[in-house]
Amino acid sequence: MADFGEILQSTGEFGLFQKITLLALCLPNVIQPFHFASVFFIQSDPERHCNTDWILQADSNLTTDEQLNLTLPREEDGTFSRCQMFLPVEWDIGAIREYGLNETTGCRDGWVYYDTLYEATIVTDFDLVCEQANLLEVAQAVLMAGILFGCLLFGPFAESFGRKRAAQIPVIVMLIFSLTTGLCPNFYLYLASQFMAGIGVGGFRLNGVILATEWIGPSKRSWGACVAQLFGAGGNAVLAGVIYFIRDWRLAQLITAAQLAVVAIYIWFIPESARWLLDKGRTEEAKQLIVKAAAINKRTVPDSLLEKIVKKETEKKGGIIILIQSSVLRKYFFTLILAWFSLNLTYYCLSFNVGNLGLDIFLTQLMFGLTEVPAHILCIWLLEVMGRKVSLMATLLIGGFLCVLILAVPQGDAVAVTTLAISGRFFINWAGSICNVYVQELFPTSFRQTASGLCSIASRAGGLLSPLLNILALYHWSIPIIVYSSLTLTSGALSFLLPETRRKELPDSTHEAEGNRKKNPLKNHSESNEPARVTSTQL
């Protein structure tokens, strides 16, 4: 039986076929940050006052100042109340002027907003202010919950139905619910649409990377995860520019849907993972794809190699049970889960707090995106030079340390706080790319998707908890920083337990994954005149 690493040597480890596939799967990552537009670009406490147009029925010629003076109570500092109004009465205007109004109530007919940075946000459209202000964090949490559920749903789905379908269906889900989100008439339908869109985001981010990576050879495997993250960073930078010019969250959702419509057309032509097809015993389909990949790469697969691709005896599947039973894989698994949880918690705590760092929100978001670009470019190179283990430890420890330094900076120093936040996010994002590579290289094909899905669920749980952790800043601004920095530093130290997987073939069996065996199919093949053969558990 032919080893898949040997097959990739014949078809080309990173030829035109792999580059086209990778590009097709990475383009949606430019669009995905747009799903966060409505919860990133908001004013949580905009200038406003209660809508008191009821008094115009008594006198339609009142000036704005007269209307506010007659209908709104004042705060201790002399400004009009932003959450209270005088109780409406059925008096004529003369009686109102003579006796005045004393009984107050909450805003009954909504609010009037002014001096706002945006034309429309979910805060102003759905009145998420005063007693409803905490619903903003609920909106952020619901989106992250959808992403988490998408990982939970499409991880096992991909093991049974293939990487291709598990990447295509989420794109359609994102398209439909990006459109419905922009058209939602009320907050509760908005939450439902955001949750469903989040499912699509989580499903695609999980499966798109794995589909691309399983076609790439060991020498270029880091490109699969790092280029996907690189496109996402570019999307963050583009998002800042788009919102700067349109400043309307509904229009941003419709623009997102239009872009996803293009992706939804071409995504049906991406290839399935030949490695997954072979693992499922679908050898003829796998052979056709291998020959096609070789032809696009202008290579020829020897007939002798194709003859060695025979139906394998399927390895006993156990999914999470195998992960728990194997002490080696269990150690890898829980170390990666903690790393991914802590880095995502930190990443989104900083992201959701982008408007409170002190500098212009558009500039800060742009810098967030632009600084991620070199992080992912450097990641591709340093993963091959330094290896996976040292890179993960270094990025988590440095990122956590930079976040801790925020505690030592006066909160009024916006430049220093923003600089540390951007620098910490730079290394945390870098660590995310390394985890994406690591999780695929540590676990075998038979449950690689399950392991990736579970790790992604842990990471999305971190994202889900991030807006809730940020709420604790109401008690003291340092609490969120202490929590997420400590977790990041701890996970960085524990990463010492992981093995190095640089330039090693993807394991296809539990035995290979536990032994972290290094395979060099090309070398083994060249040292023997006989065709290279491996046991059925190696595929």
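In what follows, the structure referred to is the one given above.
Residues numbered from 1 in each chain as written. Predicted model: local features only at pLDDT ≥ 70, side-chain atom pairs only at ≥ 80, totals over all residues. Heavy atoms only, no water.

Trainee: I tried to follow the overall build of the protein chain on my own but got confused; where do I start?
Mentor: Along its length, the protein chain carries 23 helices and four strands. The C-alpha extent of the protein chain, read off along each of the three principal axes, is 105 × 45 × 40 Å. Looking at the protein chain alone, contacts between residues at least 24 apart form 79% of all its contacts between residues at least 6 apart. For the protein chain, the computed accessible surface area is about 21900 Å², with 61% contributed by carbon and sulfur atoms. (Helix = DSSP H or I, 4+ residues; strand = E, 2+ residues; numbered from the N terminus. Contact = heavy atoms within 4.5 Å. Areas by Shrake-Rupley, 256 points an atom, 1.4 Å probe, with all protein chains shown as cover.)

Trainee: How should I be thinking about the pattern of salt bridges in this particular structure?
Mentor: As a working rule, side chains carrying opposite charge can pair if their charged atoms are close by. By the definition in use, this model includes eight salt bridges. Its salt-bridge partner being D45, residue R48 comes within 2.8 Å of it at the nearest N-O pair. When the shortest N-O distance is used, the salt bridge between R82 and E47 registers 3.6 Å. With R82 in the loop between α4 (64-71) and β2 (84-86) and E47 in the loop between α3 (37-40) and β1 (48-50), this pair connects stretches of sequence that are 35 residues apart. With relative accessibility at 22%, the residue R82 sits in the partly exposed group. (Salt bridge = Lys/Arg side-chain N within 4 Å of Asp/Glu carboxyl O. Buried < 20%, exposed > 50% of the residue type's maximum accessible area, 1.4 Å probe, protein only.)

Trainee: Got a minute to help me understand unusual backbone geometry in this structure?
Mentor: Residues apart from glycine generally show negative phi values, whereas peptide bonds are mostly found in trans. Even without being a glycine, D127 presents a positive backbone phi close to 55°. Located in the positive-phi region is R247, a residue other than glycine, with phi close to 55°.

Trainee: How should I be thinking about the side chain of N429 in this particular structure?
Mentor: One can find N429 in helix α19 (residues 414-442). Apart from residues lying up to four places away in sequence, N429 is in contact with Q229, Y347, E372 and H376.

Trainee: It is not clear to me how the state of the cysteines should be interpreted in this structure. Could you clarify?
Mentor: Note on terminology: a disulfide is the covalent bond linking the sulfur atoms of two cysteines. As enumerated under the stated definition, the model contains two disulfides in all. Covalent S-S linkage joins C50 and C107, the inter-sulfur distance amounting to 1.7 Å. Between C50 and C107 the disulfide shows an S-S torsion of about -60°. By sign, it is left-handed. Highlighted residues: C50 in strand β1 and C107 in the loop between β3 (104-106) and β4 (111-113), separated in sequence by 57 residues. The pair formed by C50 and C107 is uniform in burial state, with each residue classed as buried. Through a disulfide, C83 is tied to C130; the S-S separation comes to 1.9 Å. The sign of the S-S torsion, about -90°, decides the handedness of the disulfide formed by C83 and C130: left-handed. Residue C83 is located in the loop between α4 and β2, and its partner C130 is located in the loop between α6 (122-125) and α7 (135-161); the two are separated by 47 residues in the primary sequence. For C83, a relative accessible area of 22% translates into the label partly exposed. For C130, a relative accessible area of 19% corresponds to the buried category. In the protein chain, the bonded cysteines, taken in the order they occur along the sequence, pair up as 1-3, 2-4. (Disulfide = S-S within 2.5 Å.)

Trainee: In this structure, what is going on with the nonpolar core? I would like to understand it.
Mentor: Generally speaking, nonpolar side chains in soluble globular proteins are found buried as a group. Counting 119 residues, the largest nonpolar core has V39, I122, Y190, I243, L336, L392 and F443 as the members making the most contacts within it. The next biggest cluster of nonpolar side chains, apart from the first, holds 18 residues, and it includes W215, L277, A286 and V301. (Core = buried A, V, L, I, M, F, W, Y, C linked by side-chain atoms within 4.5 Å.)

Trainee: Any chance you could explain empty space enclosed by the protein here in plain terms?
Mentor: Where empty space is left becomes clear once a probe the size of a water molecule has been rolled over the atoms. Taken as a whole and judged by the stated rule, the model has four cavities of 30 Å³ or more. Of the pockets and cavities examined, the largest cavity occupies roughly 510 Å³. If you go around the largest cavity, you meet 32 residues; those closest to its centre are R205, Q229, Y348, N436 and R460. The residue inventory of the lining of the largest cavity, partitioned by class, reads 14 nonpolar, 15 polar and three charged. (1 Å grid on protein atoms, 1.4 Å probe; cavity = no way out; pocket = protein on both sides within 12 Å on 5 of 7 lines; lining within 4 Å. Points joined across faces, edges and corners; volume = space filled by probe spheres on them. Nonpolar A, V, L, I, M, F, W, Y, C, P; charged D, E, K, R; others polar.)

Trainee: Explain the packing of helix α10 (residues 221-246) against helix α17 (residues 361-385) to me, please; I cannot follow it from the model alone.
Mentor: Two packed helices can be described by the angle between their axes and the distance between those axes. Closest axis-to-axis distance for the α10/α17 pair is 8 Å, and the angle between their directions is 170°. Taken together, the axes of α10 and α17 lie roughly antiparallel to each other. In this structure, α10 meets α17 at a crossing whose hand is left-handed. Considering only residue class, the contact of α10 with α17 consists of 18 nonpolar, seven polar and two charged. (Axes fitted to C-alpha atoms, helices over the stretch in contact; angles between N-to-C directions. Parallel < 35°, antiparallel > 145°, perpendicular 65-115°, else oblique. Left-handed = near helix turned anticlockwise from the far one by under 90°.)

Trainee: What is the right way to look at helix α9 (residues 187-213) in this model?
Mentor: Because the α-helix completes a turn every 3.6 residues, residues three or four places apart line up on one side. Taking 1.5 Å of rise per residue, 27 residues should cover 39 Å, and α9 covers 39 Å from first to last C-alpha, within 8% of that figure. Most of α9 is tucked away, with 21 of its 27 residues classed as buried. Measuring from the backbone nitrogen of Y188 back to the side-chain oxygen at the start of α9 gives 3.1 Å, which picks out N186 as the cap. (Expected span 1.5 Å × (residues − 1). Polar contact = N/O pair within 3.5 Å; in protein donor to acceptor, adjacent residues only side chain to side chain.)

Trainee: What am I meant to see in the packing of aromatic side chains here?
Mentor: By convention here, two paired aromatic rings are described through the distance between centres and the angle between planes. Considering all chains together, one arrives at 22 aromatic pairs under this definition. Each ring, one from Y118 and one from F362, has its centre 5.9 Å from the other, and the planes form 70°; the classification is edge-to-face. Taken together, the residues span a long stretch of sequence, with Y118 in the loop between β4 and α6 and F362 in helix α17 at a distance of 244 residues. Assessed through its relative accessible area of 5%, Y118 is described here as buried. Ring plane angle 25° and centroid distance 6.0 Å describe the contact between F187 and Y190, whose orientation is recorded as stacked. Taken as a pair, F187 and Y190 lie in helix α9 at a separation of three residues, close to a single helical turn. Exposure class is identical for F187 and Y190. Each is buried. Put simply, the rings of F41, Y118, Y244, F245 and F362 touch in pairs and so form one group of aromatic residues. Above the face of the F496 ring, K389 is positioned so that its terminal group lies 4.3 Å from the ring centre. (Phe/Tyr/Trp six-rings, centres within 6.5 Å; stacked < 30°, edge-to-face > 60°. Lys NZ or Arg CZ within 6 Å of the ring centre and 35° of its normal.)

Trainee: Help me out: how do you make sense of the environment of N134 in this one?
Mentor: The topology assignment puts N134 in the loop between α6 and α7. Taking the relative accessible area as the measure of exposure, N134 reaches 51% and is therefore exposed. C-alpha of N134 to C-alpha of A431: the two residues are 297 residues apart in sequence and 31 Å apart in space.

Geometric descriptors of this kind do not, in isolation, establish any biological role.
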